[in-house]
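Each chain, letter by letter, is given below.
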Amino acid sequence: QASKAAVKLTPTKEDYQKVYNTIAHILDEAEEYDDGSFGPVVVRLAWHASGTYDKTTGTGGSNYATMRFEPESLHAANNGLHVGRELMEKVKQQYPWISYGDLWTLAGVAAIQEMAGPKIPWRPGRIDGVASNVTPDGRLPDATQGAQHIRDIFYRMGFNDQEIVALIGAHALGRCHSDRSGFEGPWTFSPTTFTNDFYKLLFEEKWVWKKWSGPKQLQDKKTGTLMMLPTDYVLTQDKSFKKYAKAYADDQDLFFKDFSAAFAKLLELGVPSQQFVASEPWILQTLEEQKA
Ligand code: DDH
C-alpha cells in the first residue's frame with residue numbers, strides 16, 4: 001500500500017481540469033498588470049512554444065518545452081514571455097507531475113476559454129526535453145514583413161491560408177509592449193475578451209502609419225489608440241488572406257469554429273501521436289460552467 005501511494009498514477013481528465021482551474025484563477029491575479037489579465041501573454045507563450053515546428057525535419061513544436069533553455073528563451077521573439085513562464089512555474093510546483101509542454105499549452109487553452117473564446121480541444125502527452133532540443137532563431141514570424149514571409153513561416157508548420165488568417169485573429173487579445181517587441185499598443189478596445197473585433201477593425205477603420213521613432217506600425221485614424229502590425233495589415237491586402245479575414249469579420253461563429261480547430265492543431269505540433277494518452281482531445285470546462 002505504502003509504495004503504491006508514493007507512485008503517481010496516470011493523471012485523469014479530472015486531474016487536468018484541476019490544473020486548468022488553478023491556471024484560470026492565476027490569470028486573474030493581475031490587477032497591476034497590463035489590462036488586468038495575464039491571459040494574453042499566456043496565449044502568446046503557448047503559441048511561441050508550439051510555433052517553432054518544422055514539418056520537414058519534425059523538429060520544434062510544443063513537445064519538449066524548449067523555451068525553458070537558452071538561447072531560445074533569449075530569442076527576441078520571446079521577449080516578455082518570462083512573465084508567462086514564471087506564472088506557470090507556480091502551477092508546476094503545485095502539480096509537479098505535469099510536463100512543461102502540457103502545462104504551457106493547457107494554459108493557452110484556459111486563457112482563450114476564460115476570456116470568452118471558443119472551446120479548444122486539448123489532451124496531454126508532451127514530455128520535457130533537454131537543452132539540445134532547442135530550435136534555431138528565426139522560426140517565428142517577423143512583424144515587419146509581408147505575405148510571402150507569413151506563408152513561409154506557417155506553411156513550414158503545415159498550415160494553409162485559411163488557418164493562418166484564423167490564427168492571427170488571436171490579436172484581438174493583448175497588446176504590444178515597446179520594451180518587448182518595440183511595437184506599442186493594443187489591437188482592440190477589449191484586449192482581454194476573445195472576439196472577432198480584430199478583423200472588424202481591420203476593415204472598418206482607416207489605418208495610417210504611426211509617426212514615431214519606433215518600428216513601422218499602423219494606427220487607427222479616428223482615435224489613434226489602436227494599432228496594427230504590418231503583418232496584420234497584409235490580411236487586407238493579399239487576395240487570398242483577405243477573403244478569409246472578411247469572412248471572419250462578418251461571422252464571429254465561423255471565426256470561433258476555425259480558430260478553435262487551428263489553435264488545437266497548433267498546440268499539438270511536434271508531439272508524436274503515440275505520446276497522447278487519449279485517442280481524442282478533451283473539452284475542459286470553464287470556471288463559470290463548473291459553478292452551474
Ligand atoms: Fe502575435 N504578436 N504575432 N500572435 N500575439 C504580439 C503579441 C501577441 C506576431 C507578432 C506579435 C500570432 C501571430 C503573430 C499573440 C498571439 C498570436 C506582439 C507584441 C508581436 C510583435 C509582443 C509584445 O510587445 O509584447 C506576428 C508577426 C504574427 C504573425 O503570424 C505574422 C498568433 C498566430 C497568435 C496566436 O496566439 C495563435 C498574443 C495573444 C499577443 C499579446 C501578448 C501580450 O502580452 O499581450
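Every value quoted in this text rests on a predicted model; they were computed, and no experiment measured them. The numbering scheme is per chain: residues are counted from 1 as the chain's sequence reads. Selection of residues for local features in this predicted model requires a pLDDT of at least 70, selection of side-chain atom pairs for listing and counting requires 80 or more, and totals for whole chains, interfaces and linings are taken over all residues. To obtain the side-chain values, all non-hydrogen atoms of the structure were included, while hydrogens and water were left out.

Visitor: Help me out: how do you make sense of the sheet that holds strand β4 (residues 218-220) in this one?
Guide: Think of a sheet as strands paired side by side through backbone hydrogen bonds, with each pair either parallel or antiparallel. Each pair of strands is called paired provided DSSP finds at least two bridges between the two strands. Counting from the N terminus, the helices are DSSP H or I runs at least four residues long and the strands are E runs at least two residues long. Pairing within the open sheet is antiparallel, and its 3 strands lie in the order β3-β4-β5. Each edge of the open sheet carries a strand with a single partner, namely β3 (207-209) and β5 (227-228).

Visitor: How should I be thinking about the side chain of T195 in this particular structure?
Guide: Among the structural elements, T195 can be located in the loop between β2 (185-186) and α8 (197-204). Polar side-chain contacts of T195 include one of 3.1 Å to the backbone nitrogen of D197. What makes two residues a contact is simply this: any of their non-hydrogen atoms within 4.5 Å. Ignoring sequence-local partners within four residues, the contact set of T195 consists of A172, S190, Q252, F255 and F256. Nitrogen and oxygen atoms within 3.5 Å of one another constitute a polar contact, given that in protein one can donate a hydrogen and the other can accept it, and given that sequence-neighbouring residues count only through two side-chain atoms.

Visitor: Quick question: what am I supposed to make of the site of the ligand here?
Guide: Near the ligand, the surroundings consist of 25 residues, among which F154, H171, R175, H177 and S181 are the closest. Between the ligand and the protein, one listed contact pairs a nitrogen atom with a side-chain N or O atom of H171 at 2.9 Å. Taking a 2 Å distance to the grid points as the criterion, the majority of the atoms of the ligand fall inside the largest pocket. Of all the secondary-structure elements, those providing two or more residues to the shell around the ligand are α3 (39-50), α7 (161-168) and β1 (175-176). When its residues are assigned to classes, the shell around the ligand shows 16 nonpolar, 5 polar and 4 charged. Residue proximity to a molecule or strand is established when one non-hydrogen atom of the residue lies within 4 Å of it. Definitions used for this entry: grid spacing 1 Å over protein atoms alone; cavity, a set of points where a 1.4 Å probe fits but cannot get out; pocket, an open set with protein on both sides within 12 Å along at least 5 of 7 lines; lining residue, one with an atom within 4 Å of a point. If over half the atoms of a molecule are within 2 Å of the grid points of a cavity or pocket, the molecule is regarded as sitting in it. Gly falls in the polar group here, along with every residue not listed as nonpolar (Ala, Val, Leu, Ile, Met, Phe, Trp, Tyr, Cys, Pro) or charged (Asp, Glu, Lys, Arg).

Visitor: In this structure, what is going on with the environment of D54? I would like to understand it.
Guide: Note on placement: D54 falls in the loop between α3 and α4 (82-94). A 1.4 Å probe rolled over the protein chains alone gives each residue an accessible area, and that area as a share of the maximum for its type sets the label: buried under 20%, exposed over 50%, partly exposed in between. Overall, D54 belongs to the buried group, its relative accessible area being 11%. As for D54 and F154, which are separated by 100 residues in sequence, their C-alpha atoms are 9.3 Å apart. Beyond its immediate chain neighbours, meaning those up to four positions away, D54 contacts T59, R139 and R156. Within the local environment of D54, its side chain forms a polar contact with the backbone nitrogen of T56, the two atoms lying 3.0 Å apart.

Visitor: Where do I start with the layout of surface pockets in this structure?
Guide: A probe matching the size of a water molecule, rolled over the atoms, marks out where space remains unfilled. Grid points are joined across faces, edges and corners, and a volume is the space filled by probe spheres set on the points. Here the largest pocket defines a volume of roughly 1,000 Å³. Taken together, 47 residues form the lining of the largest pocket, with R44, W47, H48, A77 and H171 sitting closest to its centre. Of all elements in the fold, only α3, α6 (147-157), α7, β1, α9 (230-233) and α11 (252-267) reach the threshold of two or more residues within the lining of the largest pocket. Among the elements that take part in the lining of the largest pocket, α3 stands out by supplying 6 residues, more than any other. Across the lining of the largest pocket, the residue classes break down as 24 nonpolar, 14 polar and 9 charged.

Visitor: Looking at this model, I keep getting lost on a negative patch on the surface. Mind explaining?
Guide: Only residues above 30% relative accessible area that lack a salt bridge enter a patch, with like-charged residues linked at up to 9 Å and the nonpolar side chains Val, Leu, Ile, Met, Phe, Trp and Tyr linked at up to 5 Å. Here, Shrake-Rupley sampling with a 1.4 Å probe gives the accessible areas, and only protein chains in the shown set may cover a residue. Counted as salt bridges are all cases of a side-chain nitrogen of Lys or Arg within 4 Å of a carboxyl oxygen of Asp or Glu. Note that His is not counted, nor are the chain ends; the positive residues are Lys and Arg, and the negative ones are Asp and Glu. Note on charges: their place is set at NZ of Lys, CZ of Arg, CG of Asp or CD of Glu. On the surface, D28, E29, E31 and E32 cluster together into a negatively charged patch. You can see E31 is positioned in the loop between α2 (13-27) and α3.

Visitor: I tried to follow the confidence of the model for the chain on my own but got confused; where do I start?
Guide: Caution applies to low-pLDDT regions: their predicted coordinates should not be interpreted in detail. Confidence scores here are pLDDT values: one per residue, from the predictor, ranging 0 to 100. Of all residues in the chain, 97% attain a pLDDT of 70 or more, and the chain-wide mean is 96. In the model of the chain, helix α1 (residues 2-6) stands out as the element of lowest mean pLDDT, 52, in contrast to α7, which has the highest, 99.

Visitor: When you look at unusual backbone geometry in this model, what are you seeing that I'm missing?
Guide: For residues besides glycine, phi is generally negative; the peptide bonds are generally trans as well. With an omega dihedral of 0°, the bond running from E70 to P71 counts as a cis peptide bond. With respect to the helices, strands and loops of the structure, P71 is situated in the loop between α3 and α4. Phi at D34 takes a positive value of approximately 40°, unusual for a residue other than glycine. Judged by relative accessible area, which is 36%, D34 ranks as partly exposed. Positive phi is not limited to glycine here, since A65 has a value of about 50°.

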